[in-house]
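Next come the chains, spelled out residue by residue.
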Amino acid sequence: MAGLKEKAMRLVERATENNIWRQKRCVNLIPSENTPSLLVKLCEICDPSGRYAEHRTMKGNEVYFYQGINFIRDVEEEAREEICRFFGAERAELRTISGQMANEVLFKGVTKFVNRKSPKGTFRRMRLVMNNDLTKGGHLSSQPMGALFNYVEIDPETGQESVVNFPIQQDNPYKINVGRMVELIQEHKPELIVFGKSMFLYPEPVREARAAVADFEDPPIIHFDMAHVLGLYGAFQEPLQEGADLVTGSTHKTFFGPQRGVIVGNLPKGSPTARLWNDIKSRAFPGSTSNHHLGTLLALLMATYEMNEFKELYQKQVILNAKAFAKALADAGLSVEGDPADGYTRTHQVIVRVAQHGTGEEVAMRLEESNIVCNYQALPDDESFLQSSGIRLGVQEMTRFGMKEADFARLAQLMADVIVQKKEVGEEVSRFRSRFAKMGYCLPAQDAVPMAAKLFSTIIPEEDILAQLTAALNSAK
């Protein structure tokens, strides 16, 4: 027992130190991260986190294979309704536990769907997929080396997967060349078109792609991987209303949730694609998941309450902050990617070219030493991620902690001090960060804390442990 206690204490001390640094002393600018609210965090560790609720549709009925699931069954159904309301969608599959898995489930479903006309006893991969090039900002999960692995045919001439990348504009490599895209669609007739990126500044031309395939006998499935911009749905872009069949994403980047994945879509009954939804559901379970992490499902419902309540206010401030941040960085002498006429960005992301000050990795490490956390990024003209000349910044988390346009202007100057002047500004950054300790776009503390206490009292029901914990908390203040 003594050994266990010592190990536990060391781990707790390290975790405590990390919590204090990440949550109180540093500014987090990684575009793919967010901090959940108090209630979302506590939902993650409630009783369902250790349970199962496998279910599937059989002969028109939803059949559950465990008992004691009435609560989490209702939570899943309500979460589906809340998610559909957020996206203006008719259908939602919530059992994927990451954006990567959501994409893989979709690719499995589409592969099964395109085989509906295959000769009996045969099964093939997708003939050709169109997506964003990884080196031009495309998301890893939408690549043959990612979730697309094994679901697309091999081109016998090249020996490579049959994938055609979207062409980019010569004057702005962060935008798709729409005219050339239409030509490629009509030439290659892909079975799946995948929009979406991880280095994401501008909307994708969904309407134009839909128009380009309007006369196809078997039009491709149009999929939008919105992992990075899921929480900006509507203010940034509305793919389902623009012609996309399906949207996937992870729920913890610009969305307020825990780490999960979602698939949403409008595939009307009686439409040529209606059968695809059944293929996707069957690939979610039993095709890809068994236990789909029920604690985080409960947390997702709480987070979606928050998103639906604060959607417009949050989205507006995120976009205002990103544009203000980009301009301030440019004004401070840094080379900001994107078109200044567009405000450099229309999402939460800002991309900065730092090659004249060191590699992207070197600059990111110097920033971390000064308590500014971001990630290095290969830019469209870089040969590989091993020679990254950029850094990628996101404003979503610090927006939620209360930063506004003027605050990001101040942060831009601190970053320029580190990048250009090679100064150490860690203590100044920590003092700056201390001004933003209260999370917004969720219930205020006076409402949330009593609810959190009620939840916590049921997670640790033993009265003597709860009393010890209360005393320990009071002594730690």
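Residues numbered from 1 in each chain as written. Predicted model: local features only at pLDDT ≥ 70, side-chain atom pairs only at ≥ 80, totals over all residues. Heavy atoms only, no water.

> Explain the pairing of strand β7 (residues 192-195) to me, using residue names and the numbers behind them.
Here β7 shows a buried face lined by L192 and V194 and a second buried face lined by I193 and F195. The pairing of β7 with strand β8 (residues 221-225) spans 4 bridges and is classified as parallel. Its bridge partner lying in β8, L192 is registered against I221. Read as a crossover between parallel neighbours, the route from β7 over helix α6 (residues 206-212) to β8 is right-handed. (Buried < 20%, exposed > 50% of the residue type's maximum accessible area, 1.4 Å probe, protein only. Helix = DSSP H or I, 4+ residues; strand = E, 2+ residues; numbered from the N terminus. Pairing = 2+ DSSP bridges. Right-handed = clockwise from strand over helix to strand, strands pointing away.)

> Now, about the pattern of salt bridges: what can you tell me, with residues and values included?
Counted under the stated rule, the structure contains 24 salt bridges. The salt bridge partner of D218 is R116, with a shortest N-O separation of 3.6 Å. Residue D218 is located in the loop between α6 and β8, and its partner R116 is located in the loop between α4 (99-114) and β5 (129-131); the two are separated by 102 residues in the primary sequence. Judged by its relative accessible area of 31%, R116 is partly exposed. For R210, the salt bridge goes to D245, with nearest N and O atoms at 3.0 Å. One end of the pair, R210, is in helix α6; the other, D245, is in the loop between α7 (239-242) and β9 (246-250), and 35 residues separate them in sequence. For R210, a relative accessible area of 24% translates into the label partly exposed. For D245, a relative accessible area of 9% gives the class buried. (Salt bridge = Lys/Arg side-chain N within 4 Å of Asp/Glu carboxyl O.)

> Please provide a residue-by-residue account of the packing of helix α9 (residues 294-331) against helix α12 (residues 405-419), values included.
For the pair α9 and α12, the least separation of the axes is 8 Å and the interaxial angle reads 35°. Read as a crossing pair, α9 and α12 show a hand that is right-handed. Residues Q317, L320, N321, A324, F325, A328 and L329 of α9 lie in contact with α12, whose contacting residues are E405, F408, A409, L411, A412 and M415. Its residues assigned to classes, the contact of α9 with α12 shows 10 nonpolar, 2 polar and 1 charged. (Axes fitted to C-alpha atoms, helices over the stretch in contact; angles between N-to-C directions. Left-handed = near helix turned anticlockwise from the far one by under 90°. Contact = heavy atoms within 4.5 Å. Nonpolar A, V, L, I, M, F, W, Y, C, P; charged D, E, K, R; others polar.)

> With reference to specific residues and values, describe the packing of aromatic side chains.
One pass over the full model with this rule turns up 14 aromatic pairs. Summarising the aromatic geometry, the rings of F65 and F285 are spaced 6.3 Å apart at their centres and angled 40° between planes, so their arrangement reads as tilted. On the criterion of sequence distance, the pair formed by F65 in the loop between β3 (61-64) and α3 (70-87) and F285 in the loop between α8 (274-284) and α9 is long-range, its members being 220 residues apart. The exposure class assigned to F65 is partly exposed, which follows from its relative accessible area of 40%. By relative accessible area, which is 9% here, F285 ends up buried. (Phe/Tyr/Trp six-rings, centres within 6.5 Å; stacked < 30°, edge-to-face > 60°.)

> With reference to specific residues and values, describe the sheet that holds strand β14 (residues 375-377).
Strand order in this open sheet of 4 strands is β11-β12-β15-β14, and the pairing throughout is antiparallel. Looking along the sheet, the strands with just one partner apiece sit at the ends: β11 (335-336) and β14. Taken together, the 2 bridges between β11 and strand β12 (residues 349-353) define a ladder with antiparallel strand orientation. Residue S335 lies in a different strand from β12, and its bridge partner there is R353.

These results come straight from atomic positions and should not be treated as a statement about function.
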